[in-house]
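Residue-level structural notes
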Amino acid sequence: MAKCEEGYRCAVCGKDVEDIRESSLYLRYVLGMIDPETLHATPDRHIRCDEALAQFVVDPDFPPIERTTGTSKADLDPAFVAEREAFVTRGWRRLQELFERLQGEEISVLDYPLPEVAKKLRSE
């Protein structure tokens, strides 16, 4: 893993974001919410510290989180919630896969996003 992908401080709790598995910055990038040109200059936080996004991760390896401030997914349209959960969970699983792959190979940061996000980035 590149040095620029290590040691970010969480903008919420102040502790180190150890690696991409727990990085809201990289999750948002994988989902197409962060432009690759601004990735290096955008503050990071733990996924669990980013309650607005973390509440949509639904996976046995990610303990559920209830949002304590702002709008909870319980207050949103169920169809929207189901779509958002599927998308964000795919992004979270992509981070887990990337972490494992990065242990043995170099991967361009441009190859991190989900396939549909990468396709959109290439067409822009």
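Predicted, not measured: the structure shown is a model, and the values here were computed from it. (Residues numbered from 1 in each chain as written. Predicted model: local features only at pLDDT ≥ 70, side-chain atom pairs only at ≥ 80, totals over all residues. Heavy atoms only, no water.)

1. Here's the deal with helix 3 (residues 78-102)
Over its 25 residues, helix 3 extends 36 Å from the first C-alpha to the last, a length consistent with the 36 Å expected when each residue adds 1.5 Å. Buried within helix 3 are the following residues: Val81, Val88, Thr89, Gly91, Trp92, Arg94, Leu95, Leu98, Phe99 and Leu102. Its buried side turned inward, helix 3 meets helix 1 (24-30) and helix 2 (51-54). (Helix = DSSP H or I, 4+ residues; strand = E, 2+ residues; numbered from the N terminus. Expected span 1.5 Å × (residues − 1). Buried < 20%, exposed > 50% of the residue type's maximum accessible area, 1.4 Å probe, protein only. Contact = heavy atoms within 4.5 Å.)

2. Examining the nonpolar core
Within the largest apolar cluster, 30 residues are counted, with the highest numbers of intra-cluster contacts made by Tyr26, Leu27, Leu95 and Tyr112. Among the elements of the structure, helix 1, helix 2 and helix 3 are those that each provide at least two residues to this core. Examining the composition of this core, we find that 7 residues originate from one element, helix 3, more than from any other. Not counting residues within four places of it along the chain, the set of residues in contact with Leu27 comprises Ile47, Leu53, Val88, Gly91, Trp92 and Leu95. (Core = buried A, V, L, I, M, F, W, Y, C linked by side-chain atoms within 4.5 Å.)

3. Structural notes on the environment of Asp61
Turning to its location among the elements, Asp61 is positioned in the loop between helix 2 and helix 3. By relative accessible area, Asp61 is classed as exposed at 64%. Considering only alpha carbons, one finds Asp61 and Arg93, 32 residues apart in sequence, at a separation of 9.7 Å.

4. Things to note about the packing of aromatic side chains
Within this structure, the stated rule accounts for 4 aromatic pairs. With a centroid separation of 6.5 Å and 65° between ring planes, the pair formed by Tyr8 and Tyr26 is classed as edge-to-face. One end of the pair, Tyr8, is in strand 1 (residues 8-9); the other, Tyr26, is in helix 1, with 18 residues separating them in the sequence. Of the two residues examined, Tyr8 and Tyr26, each falls in the buried class. Linked through ring pairs, Tyr8, Tyr26 and Tyr112 together constitute an aromatic cluster. Positioned above the aromatic ring of Phe99, the side-chain terminus of Arg21 is 3.6 Å from the ring centre. Taking the ring centre of Phe56 as reference, the NZ or CZ of Arg84 above it sits at 6.0 Å. (Phe/Tyr/Trp six-rings, centres within 6.5 Å; stacked < 30°, edge-to-face > 60°. Lys NZ or Arg CZ within 6 Å of the ring centre and 35° of its normal.)

5. Looking at the environment of Ser108
Relative to the helices and strands, Ser108 resides in the loop between helix 3 and helix 4 (115-123). Between the C-alpha atom of Ser108 and that of Thr71, which follows or precedes it by 37 residues, the distance is 35 Å.

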